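In case you want the letters, here they are:
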Amino acid sequence: MKDRDRFRSTRTFGSVALLLLLATAAFAHIKVSNTSPEDGATLSGPVRTLRVWFNREPDLTLSKLELTGPNGPLSVEGLHTMGEKDLMARVSGRMPDGSYTAKWQAAGDDGHALTGEWTFTIVRGGR
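Bear in mind the structure is a predicted one, so any value in this text is a computation, not a measurement.

Participant: Report on the overall build of the protein, specifying residues and quantitative values.
Facilitator: Of regular secondary structure, the protein possesses 1 helix and 8 strands. Along the protein, from the amino end to the carboxyl end, the secondary structure elements read α-β-β-β-β-β-β-β-β. Burial statistics for the protein: of 127 residues in total, 30% are counted as buried. Entry remark: accessible area of the protein is about 8,100 Å², with carbon and sulfur atoms responsible for 56%.

Below, the structure written as structure tokens:
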């Protein structure tokens, strides 16, 4: 009987330790805290920069920003950080009215790369 109880205790302890380890790993991953333009925004003109802020400093070598609009991909250049747990890049090219999707890839100090996206719309002429 004692061996069975010891086995149950060891198994329970192992399960709890695994859950704590997974929770700690999940907490360590990088997460978005804000974007510019804001997710879901409707703008009256083109944007010249994309910027995304995270809960921790992103590793620039494992990061990227992309932008796709109604006519396809746009040029996003000069990826850098302003030292505020962020990624920032210039957008060049014509930006007609329509929906845009900005995509990010970033990794924190744990080295695990994550991806995400946000959207915004350009509508000129007061519509």
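Participant: Account for the nonpolar core, with residues named and values stated.
Facilitator: Burial of nonpolar side chains together is a common tendency in soluble globular proteins. By size, the foremost hydrophobic cluster in this structure holds 20 residues, and its most contacted members are Leu 50, Leu 65, Leu 67, Met 95, Trp 118 and Phe 120. Within the residue set of this core, elements represented by two or more residues are strand E3 (49-54), strand E4 (64-69), strand E6 (86-92), strand E7 (98-107) and strand E8 (113-122). Per-element tally for this core: the top contributor is E7, with 4 residues. If sequence neighbours within four positions are ignored, Phe 120 has contacts with Pro 37, Glu 38, Ala 41, Leu 43, Val 47, Leu 50, Leu 67, Met 95, Gly 98, Ser 99 and Tyr 100.

Participant: So what's going on with the pattern of salt bridges? Which residues, and what values?
Facilitator: Under the defined criterion, the tally for this structure stands at 4 salt bridges. Two residues, Arg 51 and Asp 86, come together in a salt bridge whose shortest N-O distance is 2.9 Å. On the criterion of sequence distance, the pair formed by Arg 51 in strand E3 and Asp 86 in strand E6 is long-range, its members being 35 residues apart. By the burial criterion, Arg 51 is buried, and Asp 86 matches it. Between Lys 64 and Glu 66 there is a salt bridge whose closest N-O contact spans 3.8 Å.

Quick notes on the rules
Residues numbered from 1 in each chain as written. Predicted model: local features only at pLDDT ≥ 70, side-chain atom pairs only at ≥ 80, totals over all residues. Heavy atoms only, no water. Helix = DSSP H or I, 4+ residues; strand = E, 2+ residues; numbered from the N terminus. Buried < 20%, exposed > 50% of the residue type's maximum accessible area, 1.4 Å probe, protein only. Areas by Shrake-Rupley, 256 points an atom, 1.4 Å probe, with all protein chains shown as cover. Core = buried A, V, L, I, M, F, W, Y, C linked by side-chain atoms within 4.5 Å. Contact = heavy atoms within 4.5 Å. Salt bridge = Lys/Arg side-chain N within 4 Å of Asp/Glu carboxyl O.

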